[in-house]
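Given next are the chains, with one letter for each unit.
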Amino acid sequence: MNAEKTPQTMKPTTAAKKLGIYLPAAPAEFQEAPVSRSTLNELLESPPEWLVELRRTGPHPRDIVARKLGVSISGLARAGVTEALTTDEITALLQSPPEWLVNERRIQAEVRAENRRVKDVKLGKAAAAADRAADA
């Protein structure tokens, strides 16, 4: 029996997420057809001009917008930012931050500090437990 494997494919939505692009801004042929694993790997290894340009100028998906602004996706939602933003729009927000952005960046910094504190406490407890086990 010579069973040929069918190539693994994914929906364009999944491929766009893996590429870090906003699907509606991608070319129609990318949006309309399933993407094979080998095609995705080719796009990652040697991106075509449309992909390079889309990554550079946007519009960017919400997770990329949130990362570039230094806020959470929830922070974007609280601020009412629901659409994709271009690199120029993100730069303008960073250069002249509105109150919501200042507030959300402060919240994000507090969350990160608390996460670090909790991690340090856990590491301290683990180290203490290891010391006790070594002494026993």
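Everything below is about the structure shown above.
Here is a short report on the structure shown in this document. Worth saying up front: this structure is predicted, and the values here are computed from it rather than measured.

About the cut-offs
- Residues numbered from 1 in each chain as written.
- Predicted model: local features only at pLDDT ≥ 70, side-chain atom pairs only at ≥ 80, totals over all residues.
- Heavy atoms only, no water.
- Axes fitted to C-alpha atoms, helices over the stretch in contact; angles between N-to-C directions.
- Helix = DSSP H or I, 4+ residues; strand = E, 2+ residues; numbered from the N terminus.
- Parallel < 35°, antiparallel > 145°, perpendicular 65-115°, else oblique.
- Left-handed = near helix turned anticlockwise from the far one by under 90°.
- Contact = heavy atoms within 4.5 Å.
- Nonpolar A, V, L, I, M, F, W, Y, C, P; charged D, E, K, R; others polar.
- Salt bridge = Lys/Arg side-chain N within 4 Å of Asp/Glu carboxyl O.
- Buried < 20%, exposed > 50% of the residue type's maximum accessible area, 1.4 Å probe, protein only.
- Phe/Tyr/Trp six-rings, centres within 6.5 Å; stacked < 30°, edge-to-face > 60°.

As for the packing of helix α1 (residues 12-19) against helix α3 (residues 37-45)
Okay, so step 1: Viewed as axis vectors pointing N to C, α1 and α3 meet at an angle of 30 degrees, and their least axial separation amounts to 11 Å. When the axis of α1 is compared with that of α3, the two are roughly parallel. Crossing handedness for the pair α1 and α3: right-handed. Note on element contacts: α3 touches α1 through Arg-37, Leu-40, Leu-43 and Leu-44, opposite Ala-15, Lys-18 and Leu-19.
Okay, so step 2: Within the contact of α1 with α3, the residues separate by chemical class into five nonpolar, no polar and two charged.

Some remarks on the pattern of salt bridges
Okay, so step 1: Applying the stated criterion to the full structure yields five salt bridges.
Okay, so step 2: As a salt-bridge pair, Arg-106 and Glu-110 come within 2.9 Å of each other at their nearest N and O atoms. Of the two residues, Arg-106 and Glu-110 both sit in helix α8 (residues 99-135), four residues apart, roughly one turn of that helix.
Okay, so step 3: Classification of Arg-106 by relative accessible area gives partly exposed; the value is 41%.
Okay, so step 4: By relative accessible area, Glu-110 is classed as partly exposed at 44%.
Okay, so step 5: One salt-bridge network, held together by shared partners, links Glu-49, Glu-53 and Arg-56.

Some thoughts on the packing of helix α5 (residues 62-69) against helix α7 (residues 87-95)
Okay, so step 1: Contact geometry of α5 with α7 gives a least axis separation of 10 Å together with a crossing angle of 30 degrees. Between α5 and α7, the angle falls in the class roughly parallel. Crossing handedness for the pair α5 and α7: right-handed. Contacts between α5 and α7 involve Val-65, Lys-68 and Leu-69 from the first element and Ile-90, Leu-93 and Leu-94 from the second.
Okay, so step 2: Residues that form the contact of α5 with α7 fall into these classes: five nonpolar, no polar and one charged.

Points about the packing of aromatic side chains
Okay, so step 1: According to the stated counting rule, one finds one aromatic pair in the structure shown.
Okay, so step 2: Measuring from ring centre to ring centre gives 5.5 Å for Phe-30 and Trp-50, while their planes differ by 55 degrees; the resulting arrangement is tilted. Of this pair, Phe-30 sits in helix α2 (residues 28-32) while Trp-50 is found in helix α4 (residues 49-57), placing the two residues 20 residues apart along the sequence.

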